Amino acid sequence: MRAWALDKPGPAAAHPLRLVERELPEPRAGQLTARLLACGVCRTDLHLAEGDLPPRRGGVVPGHEVVAEVIALGPACRRFSLGDRVGVPWLASTCGRCHFCLTGKENLCETATFTGWDRDGGYAEAIVANEEYLYSLPDSLGDEKAAPLLCAGIIGYRALRRANLPAGGELGLFGFGGSAHLALQVAVAEGASVHVFTRSEPARQLALSLGAKSAQGPFDRSPVDLDSVVVFAPSGDVVPASLGALARGGRAVLAGIHMSDLAPLSYERHLFGEKELTSVTANTRSDGREFLELAGRIGIEVTTTPYAFEQAGEALADLARGKVRGAGVLLFD
Ligand SMILES: [Zn+2]
Ligand SMILES: [Zn+2]
């Protein structure tokens, strides 16, 4: 099979991934092999390709928003059958024994492994994955539209839950790409008023078309005091602005796996008044199940930019330049 491997990180514009030929992987106990149908291009792939996220092994294949069809079952598989469509997400395994795993916080497991970082991911024609970490996908969504749900969607959902938004509250989203455009729809469906802050004019238009109450630049004044904000942009320079827009007692959630250093905070302007600042680290399997069920129920609209599998390098370069509308997705034929 063909796969895009990362030997040495570098600027996305220089196309650091290399197209290689690999053996079709054999599934071990509890694992299955699946043929790729679509793979979303997440910002985490870009962080990995460019070296912001240090590769955990040489030659790793990125990609963790995988929609694939089961073609081989290892021993002891019980959840899926040959021909089933499955979703392979970021969380690839956890220890199942540590304090975090035993208290519903497996996202914090210190020996968790991740698809497309520790284990080969979906920028390849086939993938091997642990059955217990896979999802069924809403039938209403085709392969291209379902792919971004698997990380962008689930992480956005966890960020939204961690934001503690009161019923009918005012929510701010800073940055508006793959994750934010899905989180916005969940928030709107649940009755929130959503305000979007992003540099990109097309992204502002998309936000308004999906039901945002307002859309403006990241450093523009918020039209209202916000109860909660989620920062999806990977730039620490917008964090003070997001905290400044919060009402007293509000909470700001930083949703990325990597962010540039935070700009200096003023205690009086950015934190006093019992404002809270926190982060999101991966997700639990129950976050994933809850979100995918909800996405099917509210008829979530997924904005995607398709690329052929062979164009993985272009897809990452476009993401680096802020040129992708919604979420980029690699398609396989
Ligand atoms: Zn654990
Ligand atoms: Zn991701």
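Residues numbered from 1 in each chain as written. Chains lettered and ligands numbered in written order. Predicted model: local features only at pLDDT ≥ 70, side-chain atom pairs only at ≥ 80, totals over all residues.

1. Quick look at the overall build of the protein chain
Within the protein chain one finds 10 helices and 16 strands. Taken over the C-alpha trace, the protein chain has a radius of gyration of 19 Å; the compact-globule value for 333 residues is 20 Å, and the two agree within 12%. Taking the principal axes of the C-alpha coordinates as reference, the protein chain spans close to 55 × 45 × 35 Å. Buried positions account for 49% of the 333 residues belonging to the protein chain. Within the protein chain, contacts between residues at least 6 apart in sequence are counted, and of these 70% link residues at least 24 apart. (Helix = DSSP H or I, 4+ residues; strand = E, 2+ residues; numbered from the N terminus. Rg over C-alpha atoms; globule rule 2.2 N^0.38 Å. Buried ≥ 20, exposed ≤ 12 C-beta atoms within 10 Å, placed from the backbone. Contact = placed C-beta atoms within 7 Å.)

2. Side note on the pairing of strand E3 (residues 31-41)
Counted residue by residue, E3 has 9 buried out of 11 residues, so it is predominantly covered. In the sheet, E3 pairs with strand E8 (residues 126-130) via 5 bridges, with the strands oriented antiparallel. Counted as the bridge partner of Arg35 is Ala126 from E8. With 7 bridges connecting them, E3 and strand E4 (residues 66-73) associate as antiparallel partners. From the neighbouring strand, Thr33 faces E4, where its bridge partner is Ala72. The sheet contact formed by E3 and strand E16 (residues 327-331) spans 4 bridges and is antiparallel. Looking at the pairing, Val41 lines up with Gly328 of E16. (Pairing = 2+ DSSP bridges.)

3. Considering unusual backbone geometry
One non-glycine residue, Ala76, adopts positive backbone phi at about 70 degrees. Within the secondary structure, Ala76 sits in the loop between E4 and strand E5 (85-88). Taking the C-beta count within 10 Å as the criterion, Ala76 has 10 such neighbours and is therefore assigned exposed. For Glu274, which is not a glycine, the phi torsion comes out positive at approximately 55 degrees. Mapped onto the elements of the fold, Glu274 is located in the loop between helix H8 (267-271) and strand E14 (276-279). Since 9 C-beta atoms lie within 10 Å of it, Glu274 is described here as exposed.

4. Topic: the sheet that holds strand E11 (residues 214-216)
The strand order across the open sheet formed by 6 strands is E11-E10-E9-E12-E13-E14, and the pairing between neighbours is parallel. Two strands in the sheet have a free side with no partner beyond their single neighbour: E11 and E14. Across this sheet, the average inter-strand angle for adjacent strands is 20 degrees, counted without regard to direction. The pairing of strand E9 (residues 170-174) with strand E10 (residues 193-197) spans 5 bridges and is classified as parallel. Its bridge partner being in E10, Glu170 is matched across the sheet by Ser193. Of the strands in this sheet, E9, E10 and strand E12 (226-231) are in contact with helix H5 (residues 178-189), which crosses E9 at around 175 degrees. (Axes fitted to C-alpha atoms, helices over the stretch in contact; angles between N-to-C directions.)

5. Structural notes on the domain arrangement of the protein chain
As far as domains go, the protein chain holds domain 1 (2-150 + 283-331) and domain 2 (154-279). The C-alpha centroid of domain 2 is placed 26 Å from the C-alpha centroid of domain 1. The partner domain 2 presents 17 residues to the 24 residues of domain 1 that form the contact. At the level of elements, helix H1 (43-50) and helix H9 (285-298) are the ones that each hand at least two residues to the side of domain 1 that touches domain 2. Looking at the side of domain 1 that touches domain 2, the element that brings in the most residues is H9, giving 5 residues. Classifying every residue of the side of domain 1 that touches domain 2 gives 12 nonpolar, 7 polar and 5 charged. (Domains from an automatic or database assignment. Nonpolar A, V, L, I, M, F, W, Y, C, P; charged D, E, K, R; others polar.)

6. Here we look at helix H10 (residues 312-320)
Every buried residue of H10 is listed here: Ala312, Ala315, Leu316 and Leu319. Here the buried residues of H10 occupy an arc of 95 degrees about the axis, which is enough to place them on one side. Buried residues belonging to H10 abut strand E1 (2-6), strand E2 (17-21), E3, H1, strand E15 (304-308) and E16. Downstream of H10 by a residue or two, Gly322 has a phi angle that is positive, lying close to 70 degrees. (Arc of directions from axis to C-beta.)

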